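An overview of the molecular structure
So the chains spell out like this:
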Amino acid sequence: MDVLQVLVPIAYSAIIIVATWIMARFLIIIIRRLMGQSTQMLGAQIQRLVWLIVWLVGIILAIEEVGVNPTILLLIVGLLGVAVIVAIRGPLENFGARYFTFGYVPFKVGDNITVQGHSGKVIEINSISTILLSHDHVVSIPNSTLMKETVVNTTHQAWKAVSVPIVVNSEIDVPAFESEVLKSMNKLRYHFDDRFPPILSLVSRNRQSTELVLNLMIRNPEKRDAIINEVNKRIEEITANAKKTRKQSQQKQ
Amino acid sequence: MDGNEDLGSGPSEGAVDPSGVSGLKICVNTQTPLIWFTHEIGPLDDGTKVTDLSQLKEGDDYNYSSGGVTRMVLPLLKRMLSDGTVSEAHWVSLNPSAPETIKADGITHHFVSLEKGRLANYGKVKEIMWKAAHGTTTDAITAEEIFMSDDFPDFSYYDRLTAEAINRLDKETDFDLFYLHDFQQLQIGHMLNTLKPKMYRWHIPFDYSTFPEKWRETFITYFNSYDMMIVSSSKYLESLKEFGYSGIIKKLYPYVDPSDYSVPKPEETSALCERLGITNGDEVILVVARMDPMKGQDHAISAFASIFGKYPSLKLVLVGNGSFSSSKRGVGLSKGEKWRADLETQVQKLGLEGRVIFAGHLSQQELDSMYERCLFTMLPSVKEGFGLVVVESWLHRKACLITDRAGITEIIKDGENGMLFNPDDAAGMAEKLARMVEDRGLRKLMAEKGSESARLCTIDEGLKAETKIIKELVGG
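Residues numbered from 1 in each chain as written. Chains lettered and ligands numbered in written order. Predicted model: local features only at pLDDT ≥ 70, side-chain atom pairs only at ≥ 80, totals over all residues. Heavy atoms only, no water.

**Let's talk about the overall build of chain A**
Within chain A one finds seven helices and eight strands. Out of the 253 residues in chain A, the part that is buried amounts to 34%. A separation threshold of at least 6 residues defines the contact pool for chain A, and within that pool the share at least 24 residues apart is 63%. Carbon and sulfur atoms provide 63% of the accessible area of chain A, an area that totals close to 15,400 Å². (Helix = DSSP H or I, 4+ residues; strand = E, 2+ residues; numbered from the N terminus. Buried < 20%, exposed > 50% of the residue type's maximum accessible area, 1.4 Å probe, protein only. Contact = heavy atoms within 4.5 Å. Areas by Shrake-Rupley, 256 points an atom, 1.4 Å probe, with all protein chains shown as cover.)

Right, dumping it as structure tokens:
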């Protein structure tokens, strides 16, 4: 058997894998830039989805190149996918809705809302449902319902509240980052209710990332989207600068 | 039941009840450090790092802070460590010129450092907030806008840096309780990434009617990040409740450890008096306060100027220098030096040179000497969170003339255990000063009654109340 006949497909296959890696990186950078104008959590989810699709296509092409018929693999993946979707359609709907509610439904934990005749304080928003404390009862509202039904936020001055989620690398210097964010927000101070200065809170932290949330109270609800876009743009710049500074100090070391 | 409680209104008898709480790991946070270093602490002669205060010399290398907060917290931790309530104590504070960590009195001290530029801005914000919280600000607009000022991010930077240090320590130590002091640390409760109990002691006066209106929502957010708040008088407790704090509020009088106060040898007192220019026949009125306009030394000098001609042997001794905030090795604000210069000018203008003595900082033993040497003491503050100086006077069996704007007035019966005056009423103040000078019997009575009242503000009372509070928060 000719060695070349074996090595060439393997080489092509390797090239496809490398190209897949480059493509995935390239698309993620593009999405990150585009999603800089939207919420970071939603952006992270879309990045993950695109990464998965690119790698799935790349792997199938690479397998095909070495002479293995991917049809059966595709069939198995497809059938498994359909079975999973059918089996957990309800939770999936809620799960998907969770990521949309995170960015676009105007309430957060601690707010008082009314939905489908249920009124109460939001005590939890998880992947499946939103939990309300209504008098002494716990009411669970599926997240998909929140996408379909009218939700009334009855919290005092809720229309002013804007929460901007921020995910940064865990190595970031949080005090310096916060200081820069607050300085940057001062440039927009005219748009904020001056009785409620911007407050940055640390939500969680793991080895890879630190999750923060910037709480703002705006003066003019019509400018909500414009303010969110501007705030996200500024945070992205601060994050990029912080990354640059970190790299420079690492190089010095 | 809302859990709000008065813990400092009655004398108690007997030994401290540890209330079943033991072995706690506690993290204390104050702005002012317990220990001030007189110079940069480098490695020892053998090249090793300084890890324990016993490796250094008091006076040459370091001094203990004389402020009320540290004076209270140190004996509390020492007693809690010795009775087993606390098994491990960490104390995080600001100290730009200190080693990162040092052990002293069984407590591990962790010092947070700030670079000069940030420190200066931090100091500016702190000063504005401090004045506004005392209702004495001259620039209401700056105070109102302080949270969105260009200097505020540096104030937040310090708080976040401290919170990060505490979060890291918590990861290593797994604390049972966080006990924060000083109004400058208010934001830190919100920044601590923990559900474990957080207590906050507000030491300055709390009267929300003097706060800028725009502070309300921000303060409520920060206050509500604490499970419990402790204030020094019933008036402050009521004001905090009305302000809208939703957690538990306790009133607890500040306290000192009487064993820290002693009667020095006569020769030690004589040596100090000689140094300060106090002769045997002199009668001394003593003011012990840091150099700060809020402490009202100018009122004391004015009142003294009204009566000094009538009493040729009378001298006014002002003890104290700047606080940690005004020291060059601390926050670096210049207000202490500036205020002393203003007072010196006032003394010159009033022709009181030689009759008003600026003693500066005194060691504890020297301070004891001055308390013993004086006729009576005076607390002339424009506003005062509590006024532990009054308790110190009582411990030395001295009567005290007290501003009616201090938290301690809650336990003062005018003319019995102290005499109250309005610092804005110069004539009334001078008249009461003269009465105190002349009426030896009244001074004796007030000193006796005062020494009974002092029991309300001793470490025994404090320890009992603090242990009860901690038990409520951590269980046990």
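**Concerning the overall build of chain B**
Within chain B one finds 15 helices and 17 strands. Relative to the globule expectation of 23 Å for 476 residues, the C-alpha radius of gyration of chain B, 22 Å, shows essentially globular dimensions. Summarising its shape, the C-alpha atoms of chain B cover approximately 65 × 60 × 50 Å along the three principal directions. A separation of at least 24 residues holds for 72% of the contacts in chain B among residues at least 6 apart in sequence. When the accessible surface of chain B is split by element, carbon and sulfur atoms take 49% of a total near 18,500 Å². The averaged location of the 70 negative side-chain charges in chain B is 2 Å from the averaged location of its 53 positive side-chain charges. (Rg over C-alpha atoms; globule rule 2.2 N^0.38 Å. Lys, Arg positive; Asp, Glu negative; His and termini not counted. Charge placed at Lys NZ, Arg CZ, Asp CG, Glu CD.)

**Some remarks on the packing of helix H9 (residues 297-307) of chain B against helix H10 (residues 335-349) of chain B**
Residue and element names in this part refer to chain B. The interhelical angle for the contact between H9 and H10, taken along N-to-C directions, is 10°, at an axis separation of 10 Å. With respect to their mutual orientation, H9 and H10 come out roughly parallel. Between H9 and H10, the contacting residues are Gln297, Asp298, Ile301 and Ser302 on the first element and Trp339, Leu343, Gln346 and Val347 on the second. Taken together, the residues of the contact of H9 with H10 sort by class into four nonpolar, three polar and one charged. (Axes fitted to C-alpha atoms, helices over the stretch in contact; angles between N-to-C directions. Parallel < 35°, antiparallel > 145°, perpendicular 65-115°, else oblique. Nonpolar A, V, L, I, M, F, W, Y, C, P; charged D, E, K, R; others polar.)

**Let's talk about a positive patch on the surface**
Residue and element names in this part refer to chain A. A contiguous patch of positive charge, built from Arg25, Arg32, Lys243 and Lys247, is present on the exposed surface. Elements supplying a minimum of two residues to the positive patch: helix H1 (3-35) and helix H7 (224-252). Tracing the chain through its elements places Lys243 in helix H7. (Patch = residues over 30% accessible without salt bridge, like charges linked within 9 Å, V, L, I, M, F, W, Y side chains within 5 Å. Salt bridge = Lys/Arg side-chain N within 4 Å of Asp/Glu carboxyl O.)

**Re the interface of chain B and chain A**
How big an interface is tends to be reported as the loss of accessible area on association of its parts. With 21 residues of chain B at the contact, the number on the chain A side is 22 residues. Counting each side, the surface lost to burial between chain B and chain A is near 2,000 Å², with a carbon and sulfur contribution of 55%. If you sort the residues of chain B by the area they bury against chain A, Met148, Pro153 and Arg160 of chain B come out on top, with a joint share of 34%. At the surface where chain B touches chain A, the tally comes to four salt bridges. (Buried area = accessible area lost by both parts, 1.4 Å probe.)

**Details of the packing of H9 of chain B against helix H13 (residues 426-438) of chain B**
Residue and element names in this part refer to chain B. Viewed as axis vectors pointing N to C, H9 and H13 meet at an angle of 65°, and their least axial separation amounts to 9 Å. The pairing of H9 with H13 is recorded here as roughly perpendicular in orientation. Our pair here, H9 against H13, has a crossing hand that is right-handed. Contacts between H9 and H13 involve His299, Ala300, Ala303, Phe304, Ser306 and Ile307 on the former and, on the latter, Met429, Ala430, Leu433, Ala434 and Val437. (Left-handed = near helix turned anticlockwise from the far one by under 90°.)

**Some points on the pattern of salt bridges**
Per the counting criterion, the structure on display carries 35 salt bridges over all chains. The salt bridge partner of Asp111 of chain A is Lys108 of chain A, with a shortest N-O separation of 3.4 Å. Note on Asp111 of chain A: relative accessible area 6%, which makes it buried. Residue Lys108 of chain A is classed as partly exposed on the basis of its relative accessible area of 31%. Across the salt bridge formed by Asp404 of chain B and Arg405 of chain B, the nearest N and O atoms sit 3.9 Å from each other.

**Side note on the side chain of Asp282 of chain B**
Residue and element names in this part refer to chain B. Its location among the elements puts Asp282 in the loop between helix H8 (266-276) and strand S12 (283-288). Exposure remark for Asp282: the relative accessible area of 11% places this residue in the buried category. Reaching out from Asp282, the side chain makes a polar contact with the side chain of Lys315 at a distance of 2.8 Å. Not counting chain neighbours up to four residues away, the residues in contact with Asp282 comprise Gly277, Ser313, Lys315 and Arg373. (Polar contact = N/O pair within 3.5 Å; in protein donor to acceptor, adjacent residues only side chain to side chain.)

**So, the domain arrangement of chain A**
For chain A, the assigned domains are domain 1 (3-87), domain 2 (106-153) and domain 3 (158-252). Using only C-alpha atoms to locate each centre, domain 2 of chain A and domain 3 of chain A end up separated by 27 Å. (Domains from an automatic or database assignment.)

**Section: the nonpolar core**
All names here are of chain B. By size, the foremost hydrophobic cluster in this structure holds 53 residues, and its most contacted members are Met129, Tyr200, Trp202, Trp215, Phe219 and Phe223. Secondary-structure elements contributing two or more residues to this core are strand S5 (86-94), helix H2 (116-133), helix H4 (152-173), strand S8 (177-181), helix H5 (188-191), helix H6 (216-223), strand S10 (228-231) and helix H7 (234-243). Leaving out residues up to four positions away in the same chain, Met129 has contacts with Ile146, Phe147, Phe155, Phe183, Trp215 and Phe219. In this structure, Phe37, Leu76, Met80 and Leu473 belong to the second largest nonpolar core, which totals 39 residues. (Core = buried A, V, L, I, M, F, W, Y, C linked by side-chain atoms within 4.5 Å.)

**Here we look at H7 of chain B**
Residues and elements named next belong to chain B. Those residues of H7 not exposed but buried are Tyr236, Leu237, Ser239, Leu240 and Phe243. Take H7 and look down its axis: the buried residues cluster within an arc of 165°, on one side only. Exposed residues pointing more than 90 degrees away from the buried face of H7 are listed as Lys235 and Glu242. Looking one or two places after H7, you find Gly244, whose phi comes out positive at around 115°. (Arc of directions from axis to C-beta.)

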